[in-house]
Amino acid sequence: MRYYQTKDNDPSGVDSFAGDTLGAHETNSFLVELENAVVAAGLTPDTYEGLSEDETQLAKAMAVYGGGAAEWKIDSGTTGTAYVVTSVSPIIPAEAYYEGMFVAFKPLITNTGACTVNVDGLGIVPITTLAGVALTAGNISAYAAMVYSDTNSRFELVMGVMTALTTAQPATISLLGSPTIPDITIVNQGITTALIDDDAVTAAKLASSSVVSASIVNYQVTEDKLGTNSVSHAKMADNSVGESEIIYGAVSVSKLAANSVSTGKIQDGAVEYAKLSNSGTQTINVRDRVAKAWVRIYSAGTPSIVGADMNISSVGNGGTGKMTVYIDVNMPNGDYAVVGSGQQNASDSGSSAGGVSCAANSSSSFNVETWDDGNSHGNFYHSSFLIFANT
Amino acid sequence: MAQIIIYVKASGGMMYVQRVNQSLSWAQVAAKAVPSGIDYWVVDESELPTDSTFRDSWVIDVPSQGAPTGQGGGEQHDNN
């Protein structure tokens, strides 16, 4: 082959035409190039001519080259340190080593250490790992595949098969020229989450108890990763779920089994009034059994003194033995029960005949009157009142 | 010194009201404990007589009390 478009014919040579007109020899040169490509691929040029000629033979030759015919070599070396490999006849080898040149061959002898190769007589160069480290004994025996690095003037082993593949024993593969790895060992965090497809690891692939708690990062297992009822009580160690891990409101009533919350599981003060039943069924209504307001008043002095109370806003004094008690949060209506008691004098021992009366005024107040043992209004040493009402 | 509400009862006597829930304002107390439209004053409880023997005769010297603190909004009943 030559640069036909830039070189004039030589009239003194085999072609007598001057200028840039191709002669028969040059025209034949084209065909020889094509014929060599076909023959070197192991094909015999078609004997037919004209319309019956096989005009796909160049394409077939290219298929042979593309299928690896030029990359596969035959070893004829006699030691485990110097391989001599050549192309399979009639493949025409490359003219020189080039960057990325791929060569594969079956070694006749397992390498015994650092080694070299001479491919198609192009020159002796080292075979190393991709990192440029010399091979060690046994790196290649059944098969070797390597790539030429023009920069480093060496072949770098990309795969060396130690044992031929049989039905009884799978091939042992040396990755990147490293020593034999009988089993692939995955180092900690060697396979990151991003490398695992969603749902790729099914529960059946996990041995029982294979994932220990320490291997699960805090908050790594989100709620949407847990199937309904997938975490049973038996899967939780005692005290494993700390109170701080339970979001307020996360445990709904429907998540609690009947009788699952015993008294000991309820914190002091945790049960508020609003949690008591106000059912229309009287036997289970708790709120109606709870006093809605109460107060203890000492009236002997002026002004009177409120000793203690619950849900009382103020106390009015309208005269001797006459008081009005005002409720802070009103009752639903004026139809509620007021219960009162009193002690006329601090020294009374229960023999006094005084009395206390009380009656609801409205949803917000009730009147109190106290009578001494002379049946006259009198200010009592103390008196107490409480209210029960429907909710 | 603690304070109280005083006002003139419908019968002419004096009613005083002690605030029990200290988080309530006097206006809130009066809205319930002083009858609607009745003037009231907030005074120190020390202004009450210490002897309650004649409690039913107590009256308020309205002119000397000056302007009322406000007017009530509550209900009228027997004791007030």
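Reading the values: the criteria
Residue positions are counted from 1 within each chain, in the order its sequence is given. The order in which chains are written sets their letters, starting at A; the order in which ligands are written sets their numbers, starting at 1. Restriction of local features to residues with pLDDT of at least 70 applies here, the model being predicted, together with a cutoff of 80 or more for giving and counting side-chain atom pairs; totals for whole chains, interfaces and linings are based on all residues. Side-chain metrics in this entry use all non-hydrogen atoms of the structure; hydrogen atoms and water are not considered. Numbering of helices and strands runs from the N terminus, with a helix taken as a DSSP run of H or I at least four residues long and a strand as a DSSP run of E at least two residues long. Exposed residues in this analysis have more than 50% of their type's maximum accessible area, buried residues have under 20%, and partly exposed residues fall in between, with area computed by a 1.4 Å probe over protein chains only. Between two residues, a contact is recorded if the distance between any of their heavy atoms is within 4.5 Å. All accessible-area figures derive from a Shrake-Rupley calculation using a 1.4 Å probe, and residue coverage is judged against the displayed protein chains alone. Buried area adds together the accessible area that both of two parts lose upon being put together, with accessible area traced by a 1.4 Å probe. N or O atoms closer than or at 3.5 Å make up a polar contact, with two conditions inside protein: a donor-capable atom paired with an acceptor-capable one, and, for residues adjacent in sequence, both atoms drawn from side chains. Note on residue classes: Ala, Val, Leu, Ile, Met, Phe, Trp, Tyr, Cys and Pro are nonpolar, Asp, Glu, Lys and Arg are charged, and everything else, Gly too, is polar. Strand pairing requires that DSSP identify at least two bridges connecting the strands. Here the axes come from fitting lines to C-alpha atoms, over the contacting stretch only for helices, and the angles between their N-to-C directions go from 0 to 180 degrees. Any angle from 65 to 115 degrees is called roughly perpendicular, while one under 35 is roughly parallel, one over 145 is roughly antiparallel, and all others are oblique. Crossing chirality is assigned from the near helix's rotation relative to the far helix, an anticlockwise turn below a right angle marking it left-handed and a clockwise turn marking it right-handed. As a per-residue measure, pLDDT reflects the predictor's confidence and takes values from 0 up to 100. When the centres of two rings from Phe, Tyr and Trp lie within 6.5 Å, Trp using its six-membered ring, the rings pair. Their planes under 30 degrees apart give stacked, over 60 give edge-to-face, and anything left gives tilted. Over a ring means this: the NZ of a Lys or the CZ of an Arg is within 6 Å of the ring centre and within 35 degrees of the ring normal.

Colleague: Would you explain the overall build of chain A in this entry?
Modeller: Helix and strand content of chain A: 2 helices and 16 strands. Classification of the 391 residues of chain A by burial places 26% in the buried group. Relative to all contacts within chain A whose residues are 6 or more apart in sequence, the contacts with residues 24 or more apart total 53%. Accessible area for chain A stands at about 25200 Å²; split by element, carbon and sulfur atoms hold 55% of it.

Colleague: What am I meant to see in the interface of chain A and chain B here?
Modeller: When the parts of a complex come together, some accessible area is lost, and that lost area is often used as the size of the interface. Contacts between the two partners involve 31 residues from chain A and, on the opposite side, 27 residues from chain B. Carbon and sulfur atoms make up 45% of the surface buried where chain A meets chain B, a total of about 2200 Å² over both sides. Counting the contacts that link chain A with chain B gives 18 residue pairs in polar contact (both at pLDDT 80 or more). No other element matches the 8 residues that strand S11 (residues 312-319) of chain A contributes to the side of chain A that touches chain B. Residues of the side of chain A that touches chain B, tallied by class, amount to 10 nonpolar, 17 polar and 4 charged. In the sheet, S11(A) pairs with strand S2 (residues 14-19) of chain B via 4 bridges, with the strands oriented antiparallel. Each bridged residue has a counterpart across the sheet, and for Ser314(A) the counterpart in S2(B) is Arg19(B).

Colleague: What is the right way to read the packing of helix H1 (residues 24-40) of chain A against helix H2 (residues 57-69) of chain A from this model?
Modeller: The axes of two packed helices give the description: the angle between them and the distance between them. Residue and element names in this part refer to chain A. Put simply, H1 and H2 touch, their axes get as near as 8 Å, and they point 50 degrees apart. The angle between H1 and H2 places the two elements in the oblique class. Remark: the crossing between H1 and H2 carries left-handed chirality. Each of Leu34, Ala37, Val38 and Ala40 in H1 lies in contact with H2, whose residues at this interface are Gln57, Leu58, Ala61 and Tyr65. Of the residues contributing to the contact of H1 with H2, the split by class is 7 nonpolar, 1 polar and no charged.

Colleague: Sorry, what's going on with the sheet that holds strand S15 (residues 365-371) of chain A here?
Modeller: Sheet strands line up and pair through hydrogen bonds in the backbone, either parallel or antiparallel. Taken in spatial order, the 8 strands line up as S14(A)-S15(A)-S12(A)-S11(A)-S2(B)-S1(B)-S3(B)-S4(B) in an open sheet, and their pairing is antiparallel. Strands with a single pairing partner mark the edges of an open sheet, and in this sheet they are strand S14 (355-362) of chain A together with strand S4 (70-71) of chain B. Across the sheet, helix H1 (residues 26-33) of chain B is in contact with S11 and strand S12 (322-327) of chain A together with strand S1 (3-8), S2 and strand S3 (39-44) of chain B; its angle to S1(B) comes to roughly 40 degrees.

Colleague: So what exactly am I meant to see when it comes to the confidence of the model for chain A here?
Modeller: In regions of low pLDDT, the predicted coordinates are not meant to be interpreted in detail. All names here are of chain A. Per-residue confidence for chain A averages 83 on the pLDDT scale, and 85% of its residues sit at or above 70. No element of chain A has a lower mean pLDDT than strand S8 (residues 173-175), at 50, and none a higher one than strand S4 (residues 115-119), at 97. The low-confidence segment residues 165-171 (pLDDT under 50) makes 6 contacts with residues lying over four places distant or belonging to another chain. Counted against residues more than four places away or in other chains, residues 174-182, with its pLDDT under 50, gives 18 contacts.

Colleague: Explain the sheet that holds strand S13 (residues 337-343) of chain A to me, please; I cannot follow it from the model alone.
Modeller: Residues and elements named next belong to chain A. With respect to topology, 4 strands assemble into an open sheet ordered S10-S9-S16-S13, the strand pairing being antiparallel. With partners counted over all chains shown, the strands left at the sheet margins are strand S10 (305-310) and S13, one partner each. Sheet twist, expressed as the average angle between the axes of neighbouring strands with direction ignored, equals 10 degrees. Bridging between strand S9 (residues 293-298) and strand S16 (residues 382-388) involves 5 bridges; their strand directions are antiparallel. Its bridge partner being in S16, Ile297 is matched across the sheet by Ser383.

Colleague: It is not clear to me how the side chain of Ser149(A) should be interpreted in this structure. Could you clarify?
Modeller: Structurally, Ser149(A) can be placed in strand S6 (residues 143-149). Once you skip the residues sitting within four places of it in the chain, Ser149(A) turns out to touch Glu99(A), Arg154(A) and Glu156(A).

Colleague: Help me out: how do you make sense of the packing of aromatic side chains in this one?
Modeller: In this description, a pair of aromatic rings is defined by centroid distance and the angle of the planes. Inspection of the entire model under this criterion finds 7 aromatic pairs over all chains. Ring geometry for Tyr298(A) versus Tyr381(A): centroids 5.6 Å apart, planes at 80 degrees, classification edge-to-face. Of this pair, Tyr298(A) sits in strand S9 while Tyr381(A) sits in the loop between S15 and S16, placing them 83 residues apart in sequence. Connected via pairs of aromatic rings, a cluster forms that spans Tyr97(A), Tyr148(A) and Phe155(A). Of note, Arg287(A) hangs over the ring of Tyr273(A), and the distance from its end group to the ring centre comes to 5.1 Å. Here Arg19(B) stacks its cationic end above the ring of Trp26(B), 4.1 Å away from the centre of that ring.

Colleague: Sorry, what's going on with the environment of Ala82(A) here?
Modeller: All names here are of chain A. Structurally, Ala82 can be placed in strand S2 (residues 82-87). Between the C-alpha atom of Ala82 and that of Asn111, which follows or precedes it by 29 residues, the distance is 8.4 Å. Ignoring sequence-local partners within four residues, the contact set of Ala82 consists of Gly77 and Thr116.

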